[in-house]
Amino acid sequence: MTAEGKVFADLGDGEFGCRAAGFERDGSRYFVKFAVHEMGVASQRRAITVHEQVQHPALIPLIQVLEGDRGPILVFPWCDASPLRQSQRMRQAPLSDVIRAIRDVIDVHRVIDDAGFVSIDLYDGNLLYRDRVFLIDVDEYRPAPFRLDTPRTLGSTRFMAPEEFHQGAWLDSRTMVFQLGRAMAVPLDPPRGEYPDRCPALGPVIRQATAPDPEARYPTVADLTAGLDAALARAGLSPP
């Protein structure tokens, strides 16, 4: 405890260049993220760029940027929620709430796509769920398209598109569509990550989104949205 506030949670060990903490001050709680070396400084600045150009109810907003000894310190409101895959509320939610969550994940990335960015390191750990879905940690999102200049991108292999493992590949909207296809499957509890038990009508949408060949996927996130809405309509499920 200090006169200014207290740290109530230590979140992250700085493995990828940043550390984060939950900070409480004057009865309000915040998520604070700061760099511990140059890799983290670059990711913090990327996050600032995304937040400057993207606002969406599902994106936890950046509310303050402070300059520290090792670069910018980012301050967000605290979100009392659980990672999507671990959320008991999501597992117990009715199908209508699950569909809304999927739609929100896609819609925030439609705005990100329209703003000219591609998601990197998108996985179920930076999708939080309480009564709805919230997106955090857009540090690795990049202006699109961009050529991969490393052997692979950062991220969970469960969500990464095939081209993210090929140095020199171009990453663009179709890369993000693949990741979103993987993310769609998480709240639907699919066996072996293939066919969604809770809403079989979305199976074809997920399969097209996650096609190994980028040319076989939906070209943009807006096209994925249209495909999702059409599948829901055919199944008699109104989009939220």
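Residues numbered from 1 in each chain as written. Predicted model: local features only at pLDDT ≥ 70, side-chain atom pairs only at ≥ 80, totals over all residues. Heavy atoms only, no water.

Before going further, it helps to spend a moment on the pairing of strand β4 (residues 64–68). Bridging between β4 and strand β5 (residues 71–77) involves five bridges; their strand directions are antiparallel. By the bridge assignment for β5, Gln64 is matched with Val75. What sits between the antiparallel neighbours β4 and β5 is a turn of two residues. (Pairing = 2+ DSSP bridges. Helix = DSSP H or I, 4+ residues; strand = E, 2+ residues; numbered from the N terminus.)

The next subject is the nonpolar core. Counting residues in hydrophobic clusters, the biggest one holds 60 residues, and the most contacted among them are Ile102, Ile112, Leu127, Leu135, Met184, Leu202 and Leu224. When residues in this core are grouped by element, the largest group, nine residues, is from helix α3 (residues 95–114). Sequence-distant contacts of Leu135, defined by excluding residues within four places in its chain, comprise Ala58, Leu59, Ile60, Val108, His109, Ile112, Leu122, Asn126, Leu127 and Tyr141. (Core = buried A, V, L, I, M, F, W, Y, C linked by side-chain atoms within 4.5 Å. Buried < 20%, exposed > 50% of the residue type's maximum accessible area, 1.4 Å probe, protein only. Contact = heavy atoms within 4.5 Å.)

Let us now look at helix α6 (residues 221–234). Its 14 residues place the ends of α6 20 Å apart at the C-alpha level, agreeing with the 20 Å of an ideal helix rising 1.5 Å per residue. Looking at the buried side of α6, the elements it contacts are α3, α4 (173–185) and α5 (203–209). Capping the start of α6 is the job of one residue whose side-chain oxygen sits 3.4 Å from the backbone nitrogen of Ala222: Thr220. Where α6 ends, the next residue or the one after it, Gly236, has phi of about 75 degrees, a positive value. (Expected span 1.5 Å × (residues − 1). Polar contact = N/O pair within 3.5 Å; in protein donor to acceptor, adjacent residues only side chain to side chain.)

Compared with the 18 Å implied by 1.5 Å per residue over 13 residues, the 19 Å span of α4 between its first and last C-alpha is a close match. Of all 13 residues making up α4, twelve are buried, and the element is well covered by its neighbours. Within α4, the full set of buried residues consists of Ser173, Arg174, Thr175, Met176, Val177, Phe178, Gln179, Leu180, Gly181, Ala183, Met184 and Ala185. Tucked inside the fold, the buried residues of α4 contact α3, β7 (117–118), β8 (127–129), β12 (170–171), α5 and α6. For α4, the N-terminal cap is Asp172; the gap from its side-chain oxygen to the backbone nitrogen of Arg174 is 3.1 Å.

Our focus in this paragraph is empty space enclosed by the protein. Counted by the stated rule, this structure contains two cavities of 30 Å³ or more. The calculated volume of the largest cavity comes to roughly 50 Å³. Considering the residues around the largest cavity, the lining is formed by Leu84, Ala101, Ile102, Val105, Leu127, Val133, Ala183, Met184 and Pro187. When residues of the lining of the largest cavity are assigned to their parent elements, the largest contribution, three residues, is made by α3. Its boundaries defined by the atoms lining it, the second largest cavity holds a volume of some 30 Å³. What lines the second largest cavity is Asp121, Leu122, Leu154, Gly155, Ser156, Phe159, Met160, Glu164 and Gln179. Residue classes in the lining of the second largest cavity are distributed as four nonpolar, three polar and two charged. (1 Å grid on protein atoms, 1.4 Å probe; cavity = no way out; pocket = protein on both sides within 12 Å on 5 of 7 lines; lining within 4 Å. Points joined across faces, edges and corners; volume = space filled by probe spheres on them. Nonpolar A, V, L, I, M, F, W, Y, C, P; charged D, E, K, R; others polar.)

In this model, the second largest pocket occupies a volume close to 300 Å³. Every element with two or more residues in the lining of the second largest pocket is listed here: β2 (18–25), β3 (28–35), β4 and β5. Counting residues per element, the lining of the second largest pocket draws most heavily on β3, which supplies three residues. Tallied by class, the residues present in the lining of the second largest pocket amount to eight nonpolar, one polar and three charged.

Moving on: the pairing of β3. With eight bridges joining them, β2 and β3 adopt antiparallel strand pairing. From the neighbouring strand, Gly22 faces β3, where its bridge partner is Phe31. The hairpin formed by β2 and β3 contains two residues between the paired strands, and Asp26 there has a positive phi angle of roughly 50 degrees. With five bridges joining them, β3 and β5 adopt antiparallel strand pairing. Pairing of Phe34 across the sheet is with Ile73, part of β5.

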